[in-house]
Amino acid sequence: MASSKDYLDFVLEQLSGLDEISYRAMMGEYVLYYRNKVFGGIYDNRFLVKRTRAAETLMPNAAKELPYEGAKEMILVDDVDNKEFLQDLVKTMYEDLPAPKKKK
């Protein structure tokens, strides 16, 4: 099942207090970037973030789910209505995220 643009727009609005949030559509889903680093995405209308030390600390009991078959587990963000928490989560995760891969 592909994710809806409406759900993407809702999550982006929740993150609107952060500079340099962007996304890329990929096969009906959306990959999310913060300052050019991938931090998560919208998969089947679920907001999932990478399993980083910061994300695990802020959401120790959150469910781990697969964005798609064959992918690494990610953390399901349940509290999408809490704008302040979401922005803090992404800012806190930034240092744990790998640098963007160089294009060849």
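Values in this document were obtained by computation on a predicted structure and should not be read as measured data. (Residues numbered from 1 in each chain as written. Predicted model: local features only at pLDDT ≥ 70, side-chain atom pairs only at ≥ 80, totals over all residues. Heavy atoms only, no water.)

(A) Structural context of the side chain of arginine 46. Secondary-structure assignment places arginine 46 in strand β4 (residues 46-49). At 3.5 Å, the side chain of arginine 46 forms a polar contact with the backbone oxygen of proline 67. The residues contacting arginine 46, other than those within four sequence positions of it, are Tyr7, Gly41, Glu65, Leu66, Pro67 and Leu76. (Helix = DSSP H or I, 4+ residues; strand = E, 2+ residues; numbered from the N terminus. Polar contact = N/O pair within 3.5 Å; in protein donor to acceptor, adjacent residues only side chain to side chain. Contact = heavy atoms within 4.5 Å.)

(B) Layout of the nonpolar core. In terms of nonpolar packing, the biggest core is built from 27 residues, with Phe39, Phe47, Val49 and Met59 touching the most fellow members. By residue number, the principal contributor to this core is helix α3 (residues 83-93), which donates 5 residues. Discounting chain neighbours no more than four positions away, the residues touching valine 49 are Phe39, Gly40, Ala55, Met59, Met74, Ile75, Val77, Leu89 and Met93. (Core = buried A, V, L, I, M, F, W, Y, C linked by side-chain atoms within 4.5 Å. Buried < 20%, exposed > 50% of the residue type's maximum accessible area, 1.4 Å probe, protein only.)

(C) Representation of the pairing of β4 in the model. Of the two faces of β4, both are covered, the one formed by Arg46 and Leu48 as well as the one formed by Phe47 and Val49. Of the strand pairs in this sheet, strand β3 (residues 37-43) and β4 are connected by 4 bridges, and their pairing is antiparallel. In the strand pairing of β4, glycine 41 is matched with leucine 48. Bridge count for β4 against strand β6 (residues 74-76) is 2 bridges, and the pairing is antiparallel. Considered in β6, the bridge of valine 49 is made with isoleucine 75. (Pairing = 2+ DSSP bridges.)

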